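One-letter residues, chain by chain:
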Amino acid sequence: MTQVAIVGAAGRMGRMLLRAVDEHSALDLGAAVEHSAHALLGHDCAQLIGANDATGVILTDDIVTAAQAADVAIVFTLPESTLHTLKHCSEHQCAAVVGTTGLDQQQLAMCAAYAKKIPLLIAPNMSVGVNATFELLAKAAALLGIDYDVEIVEAHHRNKIDAPSGTALKMGEVIAAAQQRELSAHAVYARHGQVGARQPGEIGFQTIRGGDIVGEHTVIFAGDGERVEITHRSSSRSNFAAGAVRAAAWVVDQPPGIYGMNHVLGLACS
Ligand code: NAD
């Protein structure tokens with residue numbers, strides 16, 4: 001059995017992952033790691049998922065022991081703590097699956113450096129449906145071309161701390177790549193006041209935050225006299241957790257390097 005450490009185990013995704021690992025036939029929960037100030041440190045993980053039977057795994061802040069014991073870590077925390085986790089994973093040959101979003105270019109470069117020593121999968125969205133949507137977007141972007149104005153609208157719950165979502169940014173990258181251009185040269189992240197007419201080729205991002213919305217993304221390709229919309233809606237975090245455990249079971253057998261969900265699912269979009 002592959003031993004898994006879940007980092008950020010008491011978070012919204014962490015709790016889903018505890019259940020998903022428990023239900024996976026090839027994965028075994030080896031460690032559950034949390035922030036050193038978390039109130040449930042020292043308690044059995046059963047408390048986190050409302051299970052009656054003890055799991056035998058105690059919530060800890062000891063990332064070093066967890067990385068030593070586990071074959072693969074699944075990390076859904078914050079960018080800084082994700083890098084701290086990867087440092088210990090790379091020192092102890094523990095593969096990693098990173099779902100944390102909001103990593104900047106410098107932090108992504110540090111991830112790539114750690115991936116020289118361990119297999120590391122990073123995906124802003126682990127859902128199979130979202131990754132299939134990336135493929136549809138690439139196809140639509142190539143077919144419609146830059147005469148169709150692209151707007152990416154995303155909605156998430158009130159507690160999400162980064163914007164636009166990592167998934168929305170990835171959608172922008174996929175569309176830009178399909179049209180042989182760079183997202184950074186065409187992205188527009190906010191409009192307010194006398195901004196003037198829309199510039200040709202802009203890729204706009206609009207962010208909605210509220211309530212308990214799990215995650216919704218709509219990409220609008222607006223042309224003259226028509227528009228195409230491609231939408232993905234998550235109704236539960238279980239699809240992210242299912243994708244993450246599938247990624248963990250896959251990445252543990254790979255050579256060192258950096259991977260995405262496209263590799264797990266055999267899709268073209270990187
Ligand atoms: P959350 O705030 O509910 O959980 C994060 C957890 O990380 C918290 O319990 C926190 O205490 C813990 N944490 C913070 N610092 C830590 C440290 N140093 N060591 C260990 N644990 C630490 O957030 P969430 O909704 O579970 O989301 C977590 C991240 O995952 C966010 O970046 C979110 O955008 C991302 N996310 C990604 C996907 C995906 O498919 N890739 C899906 C959903 C969420």
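Below, the structure is looked at part by part. (Residues numbered from 1 in each chain as written. Predicted model: local features only at pLDDT ≥ 70, side-chain atom pairs only at ≥ 80, totals over all residues. Heavy atoms only, no water.)

A closer look at the site of the ligand
Right, so step 1: Around the ligand, 20 residues are found, and the nearest of them are Arg12, Met13, Glu34, Thr101 and Met126.
Right, so step 2: In the model, an oxygen atom of the ligand is placed 2.8 Å from a nitrogen or oxygen of the Met13 main chain.
Right, so step 3: In the model, an oxygen atom of the ligand is placed 3.0 Å from a nitrogen or oxygen of the Lys160 side chain. (Near = heavy atom within 4 Å. Polar contact = N/O pair within 3.5 Å; in protein donor to acceptor, adjacent residues only side chain to side chain.)

Focus on the packing of aromatic side chains
Right, so step 1: With the rule as written, the count across this model stands at two aromatic pairs.
Right, so step 2: Relative to Phe205, the ring of Tyr189 has its centre 5.0 Å away and its plane inclined at 20°; by these criteria the two rings are stacked. Pair noted here: Tyr189 is in the loop between β8 (187-188) and β9 (203-209) and Phe205 is in strand β9, with a separation of 16 residues, a long-range link.
Right, so step 3: On the basis of an interplanar angle of 85° and a centroid distance of 5.2 Å, the ring pair of Trp250 and Tyr259 is categorised as edge-to-face.
Right, so step 4: Residue classification places Trp250 among the partly exposed positions, given a relative accessible area of 22%.
Right, so step 5: Over the aromatic face of Phe134 sits the side chain of Lys170, whose NZ or CZ is 5.9 Å from the ring centroid. (Phe/Tyr/Trp six-rings, centres within 6.5 Å; stacked < 30°, edge-to-face > 60°. Helix = DSSP H or I, 4+ residues; strand = E, 2+ residues; numbered from the N terminus. Buried < 20%, exposed > 50% of the residue type's maximum accessible area, 1.4 Å probe, protein only. Lys NZ or Arg CZ within 6 Å of the ring centre and 35° of its normal.)

Notes on the pattern of salt bridges
Right, so step 1: Following the criterion strictly, the structure yields nine salt bridges and no others.
Right, so step 2: Between Arg198 and Glu151 there is a salt bridge, with the nearest N and O atoms lying 2.6 Å from each other. You can see Arg198 sitting in the loop between β8 and β9 and its partner Glu151 sitting in strand β7 (residues 149-156), a full 47 residues away along the chain.
Right, so step 3: Overall, Glu151 belongs to the buried group, its relative accessible area being 14%.
Right, so step 4: A salt bridge links Asp162 to Lys160; the nearest nitrogen and oxygen atoms lie 3.0 Å apart. (Salt bridge = Lys/Arg side-chain N within 4 Å of Asp/Glu carboxyl O.)

Overview of the nonpolar core
In summary, soluble globular proteins display a tendency toward joint burial of nonpolar side chains.
Right, so step 1: Counting 37 residues, the largest nonpolar core has Ile74, Val97 and Leu121 as the members making the most contacts within it.
Right, so step 2: Of all the secondary structure elements, the ones that give two or more residues to this core are β1 (2-7), α1 (12-23), β2 (27-33), β4 (72-75), β5 (95-98), α9 (238-251) and α10 (261-265).
Right, so step 3: With seven residues, α9 is the largest single contributor of residues to this core.
Right, so step 4: With near-sequence residues (within four places) excluded, Val97 lies in contact with Val72, Ala73, Ile74, Val75, Leu121, Met126, Ala244, Ala247, Ala248 and Val251. (Core = buried A, V, L, I, M, F, W, Y, C linked by side-chain atoms within 4.5 Å. Contact = heavy atoms within 4.5 Å.)

Structural notes on the sheet that holds strand β10 (residues 215-222)
Right, so step 1: Overall, mixed pairing links the five strands, which are arranged β8-β9-β7-β10-β11 in an open sheet. Across the chains shown, the open sheet's two edge strands, defined by having one partner strand only, are β8 and β11 (227-234).
Right, so step 2: Two elements, β7 and β10, share seven bridges in a ladder whose sense is antiparallel. Within β10, the position partnered with Val150 by the bridge is Phe221.
Right, so step 3: This element, helix α6 (residues 128-144), spans β10 and β11 of the sheet and lies at about 170° to β11. (Pairing = 2+ DSSP bridges. Axes fitted to C-alpha atoms, helices over the stretch in contact; angles between N-to-C directions.)

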